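Remarks on the overall topology
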Amino acid sequence: MARRTRRIPGLLIALSLAATGLGIGGVAMTTGNASASTPAAADHAADHAGMPGMAMPLTGNGLASGDDPDGDGYIMANPPVTGVTPSTYEPPHAYFHEFQAQCAPTHTAPDDPIVFPGQPGASHDHTFMGNTSTNGNSTTASLETGNTVCLAPGDKSAYWMPSLFKGTQKILPVGTQTIYYKSSVNDYTSVRPFPKGLRFVVGSPSQTQDEFQHLKGTVEGWECGTSYHNWNIPVSCPNTPDTQLNIRLQAPSCWDGIHLDVPDHKSHMAYPVAGGANQNVCPADHPVALPMIEFKMAWPVNGDMSQVHLSSGQGFSFHYDFFNDWDAATLNALVTHCINGGLQCDARGYDQSQPQKGAALNQNYQLP
């Protein structure tokens, strides 16, 4: 087994600690509507009014749990990926290099197995997608034995985000949601699959509106109808049946090759460094290019939005968590065929504009 290490660049930790401080809410109902008399509803109202939330502690307080038996917050890759130099290769131009994961919401709970591992009920309310078993005690091994509602049975990953409320009514996304897996570096041929058990948090519940607006992964903020670039949830949206509230947020995709998790759940990952002529390359201390995840979420809410808020607070507190538990062979096939191959693939790994390239998966979204 790889030796446990705490070597993470000090500057990265300092920056991450300054940006991280997750808001904590009360225990919310796991399904249906939240009552206005519950502690969760009171926290939601306080957050929506702009009151600062309490700061969550970093993982690594000596509490043993799941994949971190000594409780120091560090989970090591086994084996680690070393000796990698960020690629500056110029591959043939390809406008797309991506595939989709299509995963539906499964349940809600005040759990967060990354930030509060082994502590069910310690978090603000989250909406979980993908793996149906995700809870406060989830580990890599437990996700393996769970089921999934993603179209690809090989994707048992856990995806979650703060729950959305309109007043005290919990609003869930309807149907499958699109999670893109893309290349965010110029050399899309250098992207490799996620290691099993990798996990991270994108964004922060405690970020300010300015921080959310300028987060490298923020695309166009909150969208509804023809309204874009909203850095908080807009107070109104067109009251038409086909109008939904949308958001996209991109994750860092450069990995240090050593840690599956760290106490701040961020410092092991980094965004690419932009160079001249739009040459995006992984930084030297995070040299391993992985797929860039982009959440694209939609909620069936419109009209008067003045009471719409997140369990973590206002709209600019949006963030999400990813815990990888793909079947390794399935993920490798999709990354190789779609990302490395420069294609724009659906959840089967099929590019409709290039049908001659075939699909990575069969009609049942499984390896042929």
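Just so it is clear, the model here is predicted, and its values are computed rather than measured.

Time to look at the packing of aromatic side chains. Taken as a whole and assessed by the stated rule, the structure comprises 16 aromatic pairs. Aromatic pair tryptophan 222 and phenylalanine 318: ring centres 5.8 Å apart, planes at 75°, arrangement edge-to-face. Of the two residues, tryptophan 222 sits in strand S12 (residues 218-224) while phenylalanine 318 sits in the loop between strand S24 (308-310) and strand S25 (320-323), which places them 96 residues apart along the sequence. Judged by centre distance (3.7 Å) and plane angle (0°), the rings of phenylalanine 295 and tyrosine 320 are stacked. With phenylalanine 295 in strand S22 (residues 292-299) and tyrosine 320 in strand S25, the pair connects residues that are 25 residues apart, well separated along the chain. A relative accessible area of 0% means that phenylalanine 295 is categorised as buried. A connected cluster of aromatic rings, assembled from ring pairs, spans Phe99, Tyr159, Tyr181, Phe194, Phe200, Phe295, Tyr320, Phe322 and Trp326. Over the ring of tyrosine 180 we find lysine 182, and its NZ or CZ is 4.9 Å from the ring centre.

Among the five residues of strand S5 (residues 105-109), four are classified as buried, and the element is accordingly described as predominantly covered. Relative to strand S6 (residues 126-130), S5 is paired through four bridges, and the arrangement is antiparallel. The residue bridging alanine 109 from the neighbouring strand is histidine 126, located in S6.

For the bond from asparagine 78 to proline 79, the omega torsion is 5°, close enough to zero to count as cis. Along the chain, proline 79 falls in the loop between strand S3 (75-76) and strand S4 (98-103). Although it is not a glycine, histidine 229 adopts a positive phi angle of roughly 55°. Locating histidine 229 in the fold gives a position in strand S13 (residues 227-230). Overall, histidine 229 belongs to the partly exposed group, its relative accessible area being 45%. Here tyrosine 365, not a glycine, exhibits a phi torsion of approximately 65°, which is positive. With respect to the helices and strands, the residue tyrosine 365 is situated in the segment after helix H5 (328-339). For tyrosine 365, a relative accessible area of 24% puts it in the partly exposed group.

Rules and cut-offs
- Residues numbered from 1 in each chain as written.
- Predicted model: local features only at pLDDT ≥ 70, side-chain atom pairs only at ≥ 80, totals over all residues.
- Heavy atoms only, no water.
- Phe/Tyr/Trp six-rings, centres within 6.5 Å; stacked < 30°, edge-to-face > 60°.
- Helix = DSSP H or I, 4+ residues; strand = E, 2+ residues; numbered from the N terminus.
- Buried < 20%, exposed > 50% of the residue type's maximum accessible area, 1.4 Å probe, protein only.
- Lys NZ or Arg CZ within 6 Å of the ring centre and 35° of its normal.
- Pairing = 2+ DSSP bridges.

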